[in-house]
Amino acid sequence: MTDGVGQGLLQTLAQADALGRVVALLLLAMSVSSWVVILWKGWMLRRAARDVALSTAAFWQSADLDDAERRLERFDAQRIVLPLLQAARGLDDAAPRTLATSADRSQQLTRVLRGALHGVLHRLQFGQVLLATVGSTAPFVGLLGTVWGIYHALTGIGQEGRFHIEQVSGPVGEALVMTAAGLAVAIPAVLAYNVLGRQIARIEADLEGFARDLRELLHKGVGA
């Protein structure tokens with residue numbers, strides 16, 4: 001089916017005018033970009049989930065914070081957990097007499113850990129907007145190509161003044177390939193957005209739990 005859609009799209013592209021070719025090339029660009037993001041994020045999130053599990057286990061088995069940071073340097077290849085520890089440990093190096101240091105230690109730890117967590121999650125969520133955009137707009141881009149192709153078929157009939165089924169069946173069939181192409185681009189993007197979003201949510205839950213535990217640990221001054 002995919003080969004048929006691809007061949008039909010190439011045939012439509014060869015026979016289309018400027019707008020039709022722009023629509024086809026836009027769908028091609030959306031497909032390529034979404035698949036690049038899907039493959040890259042699938043690989044990255046799989047490694048990130050593994051790093052979180054290994055890094056948190058290594059952290060709690062460490063003798064002190066220095067040992068924990070050395071272990072995280074080794075296990076956290078994607079730098080998912082390590083930024084939280086480094087942000088919390090860097091709290092004591094903050095400049096004195098600022099609004100950031102005026103609150104008690106618990107509030108300061110919450111602030112720096114929240115900032116580090118947001119930075120990590122921003123990296124994990126990179127590309128999700130593109131997948132959502134492709135999934136929601138590709139069918140309409142394909143529909144635009146279909147409508148434009150049908151418009152040209154009907155215009156040709158009007159210019160000739162006579163109607164034959166052959167005049168409509170070929171051009172309309174080729175135009176409908178655009179709709180199929182739009183769906184072929186959108187469906188993988190939507191599925192990937194949902195699957196990858198669930199993976200990100202699981203990693204986020206693990207990181208939030210670790211950040212809470214780390215805040216409690218450092219607030220009590222344990223492990224320094």
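The structure we're discussing is the one just above.
Report on the accompanying structure. (Residues numbered from 1 in each chain as written. Predicted model: local features only at pLDDT ≥ 70, side-chain atom pairs only at ≥ 80, totals over all residues. Heavy atoms only, no water.)

## Some remarks on the packing of helix α4 (residues 82-89) against helix α6 (residues 105-124)
Point 1. Where α4 meets α6, the closest approach of the two axes is 9 Å, and the angle between their N-to-C directions is 150°. Between α4 and α6, the crossing angle belongs to the class labelled roughly antiparallel. Seen from above, α4 lies across α6 with right-handed handedness. Note on element contacts: α6 touches α4 through Leu109, Val112, Leu113, Ala116, Leu117 and Val120, opposite Pro83, Leu84, Ala87 and Ala88. (Axes fitted to C-alpha atoms, helices over the stretch in contact; angles between N-to-C directions. Helix = DSSP H or I, 4+ residues; strand = E, 2+ residues; numbered from the N terminus. Parallel < 35°, antiparallel > 145°, perpendicular 65-115°, else oblique. Left-handed = near helix turned anticlockwise from the far one by under 90°. Contact = heavy atoms within 4.5 Å.)

## Brief notes about unusual backbone geometry
Point 1. For Arg79, which is not glycine, the phi dihedral falls at a positive 55°.
Point 2. Mapped onto the fold, Arg79 is located in the loop between α3 (65-75) and α4.

## Looking at α4
Point 1. Buried residues of α4: Leu82, Leu84, Leu85 and Ala88, and no others. Across the axial projection of α4, the buried residues extend over an arc of 165°, all falling on one side. (Buried < 20%, exposed > 50% of the residue type's maximum accessible area, 1.4 Å probe, protein only. Arc of directions from axis to C-beta.)

## Examining the nonpolar core
Point 1. The biggest cluster of nonpolar side chains holds 48 residues, and the ones touching the most others in it are Phe59, Leu84, Leu124, Leu207 and Leu214.
Point 2. For this core, the elements supplying multiple residues, two or more each, are α2 (18-60), α3, α4, α6, α7 (128-160) and α8 (165-219).
Point 3. Beyond its immediate stretch of four places on either side in the chain, Leu84 contacts Leu113, Ala116, Leu117, Leu207, Phe210, Ala211 and Leu214. (Core = buried A, V, L, I, M, F, W, Y, C linked by side-chain atoms within 4.5 Å.)

## Overview of the environment of Leu26
Point 1. Of note, Leu26 is situated in helix α2.
Point 2. Counting along the chain gives 112 residues from Leu26 to Ala138, while the straight-line C-alpha distance between them is 8.9 Å.

## Thoughts on the packing of aromatic side chains
Point 1. In total, this model carries 4 aromatic pairs according to the counting rule given.
Point 2. With centroids separated by 4.8 Å and ring planes inclined at 90°, the aromatic side chains of Phe59 and Trp60 adopt a geometry described as edge-to-face.
Point 3. Classification of Phe59 as buried rests on a relative accessible area of 4%.
Point 4. A centroid spacing of 6.2 Å and a plane angle of 70° characterise the contact between Trp60 and Phe210, whose relative ring orientation is edge-to-face. Here Phe210 lies in helix α8 and Trp60 lies in helix α2, a separation of 150 residues in the sequence. (Phe/Tyr/Trp six-rings, centres within 6.5 Å; stacked < 30°, edge-to-face > 60°.)

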